[in-house]
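Structural description and commentary
Chain by chain, the residues run as shown.
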Amino acid sequence: MAERRHELYLLTPGPLTVSPEVKSEMLRDLSPNAELHRELTAEVRRYLLDICNGTDTHVCVPIQGSATYAIEAGLQTLMPREGKLLIIQNGFYGLRLRELAEGLRLPAATLELPMLPLPTRADVERALAGDPAITHLLLCHAETGTGVLNPVEEVAAVARRHGRKLFVDAVASFGAFPLDVAALDAEAVFVSPNKCLESVPGIAMVIAKRTALEASAGRSASVVLDLHAQWRFFEEAGWWRWTPPTHVVAALAKACERHRREGGAARRLERYRRNWRRLVDGLRARGFRTLLPDDAAAPIIATFHDPDDPGYTFQALYDALERRDIVIFPGRLTATGTFRIGVMGDLVESDMEVILAAMDEAMTEIGVVPARARGAAS
Ligand SMILES: *Cc1c(COP(=O)(O)O)cnc(C)c1O
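Residues numbered from 1 in each chain as written. Predicted model: local features only at pLDDT ≥ 70, side-chain atom pairs only at ≥ 80, totals over all residues. Heavy atoms only, no water.

Topic: empty space enclosed by the protein
We apply this condition: A pocket, in this scheme, is an open set of points on a 1 Å grid over the protein atoms alone with protein on both sides within 12 Å along at least 5 of 7 lines, while a cavity is a set where a 1.4 Å probe fits but cannot get out; residues line either one if an atom lies within 4 Å of a point. Grid points are joined across faces, edges and corners, and a volume is the space filled by probe spheres set on the points. Think of it this way: any DSSP run of H or I at least four residues long counts as a helix, any run of E at least two long counts as a strand, and we number them from the N terminus. Amino acid classes used here: Ala, Val, Leu, Ile, Met, Phe, Trp, Tyr, Cys and Pro are nonpolar; Asp, Glu, Lys and Arg are charged; the rest, including Gly, are polar.
Tallied over the entire structure, the rule returns 1 cavity of 30 Å³ or more. Of the voids in this model, the largest cavity is the one considered here, and its volume is about 60 Å³. Taken together, Thr146, Gly147, Trp276, Val280, Arg284, Thr290, Leu292, Asp294, Ala297, Ile301, Ala302 and Thr303 form the lining of the largest cavity. Among the elements of the structure, α11 (264–285) and β11 (301–305) are those that each provide at least two residues to the lining of the largest cavity. Residues of the lining of the largest cavity, tallied by class, amount to 6 nonpolar, 4 polar and 2 charged.

See the structure below:
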């Protein structure tokens, strides 16, 4: 039996199971004026630019709130009034991006695609040809609603080729998947601390192209979500506009240090891939089926079809696992009849054994056997 490494396994698409090392950074109170707090903020901003090759072309602007706050701040500050967005939507977070654009009353069109096959160059080119008013593309990189990893380099190539600008919701991918903002020539990339960076929620970051941000002065219709003002404040005062989330910054600085120590995004992705492989193989062996073929799946979250046992309900499985201090997630609107298990966070392969063992107990407790397992037994 594998050793249990955490009291609670939070296997959701964020917040995650965070390492004790990161959490313990939050035990120290810091003055907003403390040199240490300023240095931690600066360190985080530098490190995040560094790992996406943005140091020469981009700036990192942290903002209070969850990742959606950063997306909203970025879109409404960086989109020129005369611009028009094309949202490439093939899952729940694509839908969310559309809701944001609508809420902000930004001129926007949607390229609505099925979950699979993945969006192609031709799909995007067709949409652009049909609507010459489009100035900006917006794509969700790792679609955690379904687990699909979208081809961001290909979409960026289309944007460059046709003189359009690109925004990327890299909230769930940043820190594990390769992302080169200079090569993508991204207008902005939206980033969360509480996904592949393995820190706690409370802030989010926009990695924005310096020239785009410089051109956006005075455009924001919001005071607190004014990305330009937020950026200038960091540059000029060296600290946060409004009350700084001191504990959250300290945690993220430690999480960045751990990220570097692990060997950066490539090593982290390898660890997630091992977790994901172990979990998917383990649940397949128990009769579960994944929503996606392996080659389209981002190995940070696995989406499974509900067992077709009439006795199954998600709530019963959820409750049985929660009694074992393991938290999983239901499927999203765009993938009903599924449930999701995240493998991001301070997790290694042996944790997957703990989870599989708990899954066995939970399934026995609720009296459900996946169909294929039933078939195999008879
Ligand atoms: C988690 C997530 C978000 C942001 O959600 P918040 O609730 O604002 O943190 C956005 N996009 C994707 C792909 C995500 O996984």
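Notes on helix α3 (residues 67–78)
Formally: Every helix has an expected span of 1.5 Å times one less than the residues it contains. When accessible area is computed with a 1.4 Å probe and restricted to protein chains, residues below 20% of their type maximum are described as buried, those above 50% as exposed, and intermediate ones as partly exposed.
Look at α3: 16 Å from first C-alpha to last across 12 residues, which is about the 16 Å you get at 1.5 Å a residue. A large share of α3 lies buried, amounting to 9 of its 12 residues. Ala67, Ala70, Ile71, Ala73, Gly74, Leu75, Gln76, Thr77 and Leu78 are the residues of α3 that are buried.

Focus on the domain arrangement of the chain
Threshold: For the purposes of this description, domain bounds are those given by an automatic or database domain assignment. We define buried area as the total accessible area lost by two parts upon association, computed with a 1.4 Å probe and summed across both. Put simply, a salt bridge is a Lys or Arg side-chain nitrogen that is within 4 Å of an Asp or Glu carboxyl oxygen.
The domain architecture assigned to the chain consists of domain 1 (9–16 + 265–377) and domain 2 (20–261). When each unit is reduced to the centre of its C-alpha atoms, the spacing between domain 1 and domain 2 is 28 Å. Summing the contributions of domain 1 and of domain 2, the shared interface buries around 2,200 Å²; its carbon and sulfur component is 63%. Among the residues of domain 1 in contact with domain 2, Arg268, Arg332 and Thr334 are the three that bury the most area, contributing 25% of the side total. Applying the counting criterion to the domain 1 and domain 2 interface returns 3 salt bridges. A salt bridge links Asp346 to Arg258; the nearest nitrogen and oxygen atoms lie 3.4 Å apart. Counting residues per element, the ones that place at least two in the side of domain 1 that touches domain 2 are α11 and β11. Its residues placed into classes, the side of domain 1 that touches domain 2 shows 19 nonpolar, 4 polar and 5 charged.

Quick word on the sheet that holds strand β2 (residues 58–64)
Cut-off, in case you're wondering: Pairs of strands are assigned from DSSP output, requiring at least two bridges between the strands. Only the contacting stretch of a helix is used when fitting its axis, a line to C-alpha atoms as for every element, and angles between N-to-C directions run 0 to 180 degrees. What makes two residues a contact is simply this: any of their non-hydrogen atoms within 4.5 Å.
In space, the 7 strands of this open sheet follow the order β2-β10-β9-β8-β5-β3-β4, with mixed pairing throughout. Of all the strands in the sheet, just β2 and β4 (108–112) have a single pairing partner and so form its edges. Across the sheet, the axes of successive neighbouring strands diverge by a mean angle of 20°, strand direction being ignored. Lying over the sheet, helix α4 (residues 92–103) contacts β3 (85–89), β4, β5 (136–140) and β8 (165–169), oriented at roughly 155° with respect to β3. Most of the contacts of helix α9 (residues 227–237) go to β2, to which it runs at about 105°, and overall it touches β2 and β10 (203–209).

A word on the pattern of salt bridges
Counting across every chain of the model gives 32 salt bridges. Between Arg261 and Glu257 there is a salt bridge; the shortest N-O distance is 3.6 Å. Taken together, the residues span about one helical turn, with Arg261 and Glu257 both in helix α10 (residues 246–262) at a distance of 4 residues.

With respect to the site of the ligand
The test is simple: What makes a residue near a molecule or strand is one non-hydrogen atom of that residue sitting within 4 Å of it. Methods summary: accessible areas were calculated by the Shrake-Rupley approach with a probe of 1.4 Å, and residue burial reflects only the protein chains presented. The way we define it, a molecule is inside a pocket or cavity when more than half of its atoms are within 2 Å of that pocket's grid points.
Close to the ligand lie Ser66, Ala67, Thr68, Tyr93, Arg96, Cys140, Ala142, Thr144, Asp169, Val171, Ala172 and Lys195, which account for all nearby residues. With the chains in place, 86% of the 390 Å² that the ligand exposes on its own is no longer accessible. In this structure the site holding the ligand corresponds to the largest pocket. Those elements that provide at least two residues to the shell around the ligand are α3 and α4.

With respect to unusual backbone geometry
Residue Gly14 is joined to Pro15 through a cis peptide bond whose omega torsion reads 0°. With respect to the secondary-structure elements, Pro15 resides in the loop between β1 (9–10) and α1 (20–24). Residue Pro117 is reached from Leu116 by a cis peptide bond, and omega for that bond is 0°. You can see Pro117 is positioned in the loop between β4 and α5 (121–130). A positive phi is found at Trp242, a non-glycine position, where the angle reads about 65°. With respect to the secondary-structure elements, Trp242 resides in the loop between α9 and α10.

So, the packing of aromatic side chains
For any pair of aromatic rings, geometry is given as the distance between the ring centres together with the angle between the planes. Applicable threshold: Only Phe, Tyr and Trp rings are paired, with Trp represented by its six-membered ring, and only when their centres lie within 6.5 Å; those with planes under 30 degrees apart are stacked, over 60 edge-to-face, the remainder tilted.
In this structure the tally under the stated criterion is 7 aromatic pairs. Between Phe234 and Trp240 the ring centres are 5.2 Å apart and the planes differ by 75°, which places this aromatic pair in the edge-to-face class. Each of the two residues, Phe234 as well as Trp240, counts as buried. Consider the rings of Phe288 and Phe339, whose centres lie 5.8 Å apart with planes at 85°: the pair is edge-to-face. With Phe288 in the loop between α11 and β11 and Phe339 in strand β14 (residues 338–342), the pair connects residues that are 51 residues apart, well separated along the chain. On the basis of relative accessible area, Phe288 is assigned to the buried category, the value being 2%.

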